[in-house]
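Coordinates in review
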Amino acid sequence: MRLTQVSLVATFSLVAGLTTTTVGLAGSVTYADDMAALPLSGYAHLLVDPAHQHVFVSQGAGSTGIVVTDLSGTPVTTIAGEQGATGLALSPDGGTLYAALADGGAIAAIDTATLTETARWSTGAGSSPVSVAVAGGRVWYGYTADGKGGIGSVDPSAPAPAALPQPALSQWTTAPLLATGGDVLAAEEPQGSLSHVATFGVASGTASVKADTLVYGGTATGFAVTGDGTRVLLAAPQQLALRAYRSTDLAAADPAAYFTGGSGSAPGSVAVDTDGTVAVAGTSGVYLYAGTNTLAENHLTLPSGAVAPDGLEWGADGTTLYAVTKDSSGAYRLNVLDAPKLTDTELVLRHPQYAVPTERYTVSGSLSSRGLLPAGASLEVTRDGTALPDTALGADGTFTFTDLRQDEGTYTYQVAYAGDATHRPATASLAVNVAKLPTDVVGTDITSANPGSVVLTGRLMAQLGLGTFPQGTTVQVARRDEATQQTVPLGSVPVDPATLRFTVTDAPGAAGSFTYVFTYAGDATHQPSESGMSIVVAPYAPALTLSAPATAVRGSALSFGGKLGDGPYAAGRTVTVSRKDAAHSTPLTWTTPVAADGTITVKDTPDIGGANTYTVTYPGDASHRAATALATVQVSRAATALTVTSSASSYAYGATATVTAHLGTTYNGRTVSIHATPYGGAKTLVTTGTVDAYGNLRTTYKVTRNTTFTASFAGDHRYAPATATRAVNGYVKIATALGGYYTSTMYSGITYRVFHKTVKPTATATVTPNKAGQCERFQVQQYYSGAWHTLTTSGCYALSSTSSAKAQLSLTNALNQKFRVRPKYERSTKDLSNVNTWGGWLYFVVRT
């Protein structure tokens, strides 16, 4: 695109954009700015008259003339006497320029051929018209009068044209901006952060309201209606984007916004070309949109300054955009953009995944554009200046081309897009290095590693897994003994072309540390490589199994077999056999041969009964580790008699029991152990000792609960172990006391407690150990006729938490009579630790 920026004295041309070696044109176009400023005291509106090759620039309130240039920006004249000219509009035939004179209170009509004023219509004393638009055969204007805004119109075809306010359109607080398109008149005034907008149908020359509401806006400085009258565009610096509304109801159009950059870009100007192209300017430059397309076709930055509010206007040729800019010094310039609709394009080339000699490789790329992609466009391709077949651009903007080189080297490819009626050309270049792929050949897994079998796998790899290896590719393998540094070639192994894996099978015949060396010779597309895999080949760890019987007869021949794994074994190999039994602190030892297949036969005649443990040990050799196995054979022994007795079957609480164990005939062992197991308690050793000449071992034990005594004989060389048990019962301890007596007396050496006849005696029983919750009964007897007779036995009293129970005795006809009472503990069916127990008698008499 070419931009001309003009002042009244000079013209400047576009500076071409830069290209890089890998991409095409940049995404936005920037223009040089060394123009003289336009001679403006201010700026209000820009209008292009293509028929007469003029550009009109009004300067707003306080000015006195309209500046006129030709279409290239060369000054033509200034139309003087146009006080405060602000809004400008052309008649449909282009013959008349209408100007709203804010300081003159009138609408001026200027002949565009002679550039002279031909008529002026007063808008009223004190009025200040600021905008003007032509539609429906009338000239509409927005003005202020008496502190309010209004809309008026002039019928220039009337015999006596006059500016007349339109009362039905006078609901404005300030002079509204006006815009027309497709027989639609739109008006806007600011309402804080919103805008009051109304649309009217004016095809008949009379305005009829279509919509009237508040919309997102602010202080609009750019206001337009599309040529078909369907959309209203509002540029307010308070917004982030140009807003678009339907003219029928002022609801958000689709699209609803055209962005002019990021936050604070302040859209302030808008112009719609006859083809629907929308140009919108803000602080970030000018953005061009193709009608309803929300992706900007172009982004133009103008170093001559920011576009002035309402500073954009399209020419009638469909290609030229005019912009008035203002720089930081306040100087104005006219910018003439003769091809802004040409969309910037950018070419990018991407390296092939890999490029190796003799294999075809693919270069990919993309063409990007702010607008619609030129899908199907032809792209020229060259290599080092030599033309290659063209490639076509895909619908997604991507393309590819392929090439094949026989030799290594660096080749430079260039792709060129010639551009079209709507896209700029672009080129890109890329240097491709064609080289053999580095490779690596490595060991990966070891399946086995022993003297008779080494099996390992490896893999041949190209850099990043690229490239393919042909059928028949092999790897040379050699084995190096790290102890002797001798290398043995093992030949070649095939590489699976699908998995790139290979398998090495070897039998080094000895243990040691080895390195397997893998060598790949390379091919037309792959570099050679070599690596090693170190492994330690350990001796076999043979399993030694024995098949000894579980039992044997003392003094009889015993034979059982065994087997060493991982054969064969050299002649003369032996295993050491040792037998450990109760009679020998040092095991008996001998050797037996190992057959070639590892078979072993153990022979012995055990003369000691009990456990005989056989340990078989192979000391190892150059190819086998040592191995050991054990087998235990129970050798038969004779039985002996063992009994255990006690001095009684039941014992009072804490009484001492005498326990006697008796051992019968034995060979060389006369030791017996006696254990006691109280109910609910642990089994404990009471004594261990040698029986006397009669075969007896005695001990004592205090019984507090039901107890089982166990006598045990550990056995000896010829007699087997034996055990015997004896169970005894244990009574509880009961402490009994009488309560309520006042003295004591003696009868026949027995102490009697003495009670008054009015007192009811109490009897308390306390049981040890604690039997809380279990049963206690009381039995009462009376002495008469020379004997004791039972009067009563109470029901069950539950023992308290302290294991006590108390009963109150009620006696009749008891005066001067003798009585006695005793308690009885009755165990719970769930408590087997003690048996039922009677307590001792307590004696008492009753007196007055």
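Residues numbered from 1 in each chain as written. Predicted model: local features only at pLDDT ≥ 70, side-chain atom pairs only at ≥ 80, totals over all residues. Heavy atoms only, no water.

Glancing now at the pattern of salt bridges. Counted according to the given criterion, the structure contains 16 salt bridges. With a shortest N-O distance of 2.7 Å, D275 and K341 are connected by a salt bridge. Pair noted here: D275 is in the loop between strand 24 (269-272) and strand 25 (277-282) and K341 is in the loop between strand 30 (332-337) and strand 31 (345-350), with a separation of 66 residues, a long-range link. Taking the relative accessible area as the measure of exposure, K341 reaches 18% and is therefore buried. D327 serves as the salt-bridge partner of R333, at 2.9 Å between the closest nitrogen and oxygen. Take R333 and D327: they sit in the same class, and that class is buried. (Salt bridge = Lys/Arg side-chain N within 4 Å of Asp/Glu carboxyl O. Helix = DSSP H or I, 4+ residues; strand = E, 2+ residues; numbered from the N terminus. Buried < 20%, exposed > 50% of the residue type's maximum accessible area, 1.4 Å probe, protein only.)

Moving on to the environment of E188. Residue position: E188 is located in strand 17 (residues 184-191). Classification of E188 as buried rests on a relative accessible area of 2%. The spatial distance from the C-alpha of E188 to the C-alpha of V455 is 89 Å, given a sequence separation of 267 residues. In terms of polar contacts, E188 uses its side chain to reach the side chain of S195, at 2.8 Å. (Polar contact = N/O pair within 3.5 Å; in protein donor to acceptor, adjacent residues only side chain to side chain.)

Relative to strand 23 (residues 252-259), strand 22 (residues 241-246) is paired through four bridges, and the arrangement is antiparallel. Each bridged residue has a counterpart across the sheet, and for R243 the counterpart in strand 23 is A257. (Pairing = 2+ DSSP bridges.)

Another aspect to go through is the side chain of S646. Assignment of secondary structure puts S646 in strand 53 (residues 642-646). Here S646 falls in the buried class, since its relative accessible area comes to 17%. Only 2.9 Å separates the side chain of S646 from the side chain of R726, close enough to count as a polar contact. Excluding anything up to four places from it in sequence, S646 contacts Y651, T658, V659, R726 and V728. (Contact = heavy atoms within 4.5 Å.)

Looking at the protein chain as a whole, its pLDDT mean stands at 91, while 96% of the residues score no less than 70. Low pLDDT, under 50, characterises residues 1-27; the stretch is placed with 95 contacts to residues that sit more than four places away or in other chains. Low confidence marks residues 31-36, where pLDDT is under 50. Its contacts with residues over four positions away, or in another chain, come to 31 contacts. (pLDDT = per-residue confidence, 0-100.)

A separate point is the packing of aromatic side chains. Within this structure, the stated rule accounts for 18 aromatic pairs. Centroid distance Y747 to Y752: 5.1 Å. Interplanar angle 85 degrees. Geometry classified as edge-to-face. Taking 5.5 Å as the distance between ring centres and 80 degrees as the angle between the ring planes, the aromatic pair formed by F755 and F844 counts as edge-to-face. Of this pair, F755 sits in strand 63 (residues 750-756) while F844 is found in strand 71 (residues 842-847), placing the two residues 89 residues apart along the sequence. With a relative accessible area of 0%, F844 lands in the buried category. (Phe/Tyr/Trp six-rings, centres within 6.5 Å; stacked < 30°, edge-to-face > 60°.)

Here we take up the nonpolar core. Counting residues in hydrophobic clusters, the biggest one holds 23 residues, and the most contacted among them are L456, F502, Y516 and F518. For this core, the secondary structure elements donating two or more residues are strand 39 (453-462), strand 40 (474-481), strand 42 (501-506), strand 43 (512-520) and strand 44 (529-537). The residues contacting F502, other than those within four sequence positions of it, are V441, V442, L456, T457, G458, R459, L460, V475, V493, P494, V495 and F518. Judged by nonpolar contacts, the second largest core, of 22 residues, contains A377, L379, Y411 and V432. (Core = buried A, V, L, I, M, F, W, Y, C linked by side-chain atoms within 4.5 Å.)

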